Amino acid sequence: MANPKDPKECSFSFSDFPEDVQLCILSFLSLPDIANFACTSKRSVSLCCNDTKLWFALCQRRWGPKTQINKWGGGQITYKLLYKTLTQWENLIGFWRHCGRAGLSGQCPRLIIFEWGPSFVFGSRLCPSKNGTYHVTKSPFLWMGISPDGQIVYFLDLEGQTEILSGDFGSWLEFVCMDQNLVPANVNFMGKDHFVVEENSNFWHSSKSKDVLRRISSSKNLIEDSDEVIESRIAGSLPDRFVSEMYTHFANRTSPGGGGDRAWRRQRKKEKERQGRRKWEPEHFLKVIDCSPTPDKPLQGLWKGISGDMNLNFYLVKYDEIGGIICQRIGDFSSSYTLVFWTSEPMSMQSPFSLEEERIYDDRIHFQPIAAEDQIHSQPAMTGIEMVSHILHINSSCNLMLPSLIGSAGLQHGEGRIWQYMNGTFGFGFLRDHFIVDLKHIIQEGRLLDSVNLLQ
C-alpha cells in the first residue's frame, strides 16, 4: 500500500490527469508558456492544437463576458485565429483622439470610443451636442469584424447612420455590403497607442462573401466599385502595377508602331479617375491613456464644459513630467487642438481661503446650459466658495481668441485660477474676465455619461 506521506509514491505527472483537466490547466497559461509546453512532446503538440477546447477556453475566459465568442465569423473560423485577432483589438477598447488636422475627407471625428459588439468591434464618433446641453452625441464610425472565411474586414461609416445589429455576423456582413455609406478600410497598428485608418480601394470579398455581393449586384454603386476592384486586382498590387506600367511605357516607345503608348495613357487615366473617387484620406489616431482622474492627478482625463459661446466643448487635461498641468480643447472636424491653459508650477491652496480668493470666486459668473431640457445640469450647484476644496493658480494661458496659434506667438502670460470642487469636478477662469467654465466628467467608472445615440 502506498504511503501518502512519501512524495515519491504519491507523485503524479501531468499526463496522468484526464485530457479535459489538462486542457483546463493549459487555458490558464500565457501564449509563450503554451508554446514552450508544445515543444516537450508530440502529445503536448496535440493538446495545444485542440481548437474547440483549448483555444475556445482561452477566448471564452478572456473575452466571454464582453462579446459572444461563438458568433464571431459566423461560427466558422478557428478560435486560434479569433484569439490572435482579439488580442490585438482589445487594446482599442476605450477613447482615442485624432492626431493632426483633418484630411480632405472632412468627416474625421476628433474623439472616438471603441466598444465590444456581439460579434464585432465598433468605434463611435463622439461630438458635443449643439443644443446647449451637456449631452454627448454618439454615432458609428468604424466597424471591425472577421468574415466566415477568416478575412479581417474594416468598414468606415462616413455618415454615422448604420444601426448596430444583434444578429449573426453573416447577416451583419450582408447588411454592410448593401449600405452605400460604408467604405472598406484598412487599419494599420503602429504600436499599442497609435493606428492609421485608410480607405481600402482593393477590397474584395472571398468565398461566401462573394455570394453576398452577387445577391446584391443590382446596386449600381456596388457594381461600379466591384468593377473597379476587379481592374485593380488584374493590374496587380500597387508596386507591381507601377513596375508593369514603366516597362510597358519604355518598351512601347521603342517598339514598331508605338501603339502601346496610347494604351498606357488610357490606363494611367483610369488610375487617376479611381484615385479621384477616393472617399477617405489616411487619418492617424492616438489613444487617450489617462482618460479619468486619479487621487494623485485629480484633474487629468476627458472633460466637457460650456464655454463663452454657450456651446459644449470637450477638454483633455494632462500632467507633464514636472508636475505641470496642460488643458487642451478638442476641436471640431476641421480645427486642430486649442491650448486653453498651461501652468508649469501650480500653487495649491486649501480651505479656509483668504477674503481676496473668496471675492475672486464670488464675483464670477458660471457658464450654465441654456436649454430647458437639461434640468439636471442647469442647477447652479457650485454657487458658494464652501463647495471649493482646493484652489490652484494658473500662471500661463493661451489666447482663446487665436486658436490657430499654438506656438509661442499664441501664448500670453496671464493669471487665473482652477477651482476644485467637493464632488471631484473643477472649473477654471482667468482674472482678465469674469467667468468660470465648470467642467464635468465625460466618462465615469468606465461608463459614458449623458450620451445620446443619433440613431434612436
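Identification of the protein as F-box protein from Gossypium mustelinum is taken from an unreviewed UniProt entry. According to the UniProt record, the Pathway (unreviewed entry) comment for the protein is "Protein modification; protein ubiquitination." Note on the protein: under the UniProt heading Subunit (unreviewed entry), the record states "Component of the SCF-type E3 ligase complex."

**Q** Describe in detail the pattern of salt bridges, supporting the description with residues and values.
**A** Across all of its chains, the model carries 9 salt bridges by this definition. Here R417 ties to E357 by a salt bridge, and the two come within 3.0 Å at their closest N and O atoms. Taken as a pair, R417 in strand β18 (residues 416-421) and E357 in helix α12 (residues 355-362) lie far apart in primary sequence, 60 residues in all. Considered together, R417 and E357 belong to a single accessibility category, that of buried residues. As a salt-bridge pair, E415 and R417 come within 3.0 Å of each other at their nearest N and O atoms. With relative accessibility at 4%, the residue R417 sits in the buried group. Where salt bridges share partners, they join E356, R359 and D363 into one cluster.

**Q** Give a detailed account of helix α5 (residues 51-63), specifying residues and quantitative values.
**A** Burial in α5 covers these residues: D51, L54, W55, L58, C59 and W63. Where the residues of α5 are buried, they touch α2 (19-26), α3 (31-38), α4 (42-48), α6 (79-89) and β2 (111-116).

**Q** Give me the packing of aromatic side chains: which residues, what numbers.
**A** All chains considered together, the criterion is met by 19 aromatic pairs. Measuring from centroid to centroid gives 6.2 Å for F428 and F430, while their planes differ by 65°, and the two rings are edge-to-face. Side by side, F428 and F430 carry an identical accessibility label, which is buried. Taken together, the aromatic side chains of W96, F114, F141, F189, F195 and F285 make up a single cluster linked through ring pairs.

Rules of the game
Residues numbered from 1 in each chain as written. Predicted model: local features only at pLDDT ≥ 70, side-chain atom pairs only at ≥ 80, totals over all residues. Heavy atoms only, no water. UniProt positions renumbered as here; feature names shortened; annotations may be inferred. Salt bridge = Lys/Arg side-chain N within 4 Å of Asp/Glu carboxyl O. Helix = DSSP H or I, 4+ residues; strand = E, 2+ residues; numbered from the N terminus. Buried < 20%, exposed > 50% of the residue type's maximum accessible area, 1.4 Å probe, protein only. Contact = heavy atoms within 4.5 Å. Phe/Tyr/Trp six-rings, centres within 6.5 Å; stacked < 30°, edge-to-face > 60°.

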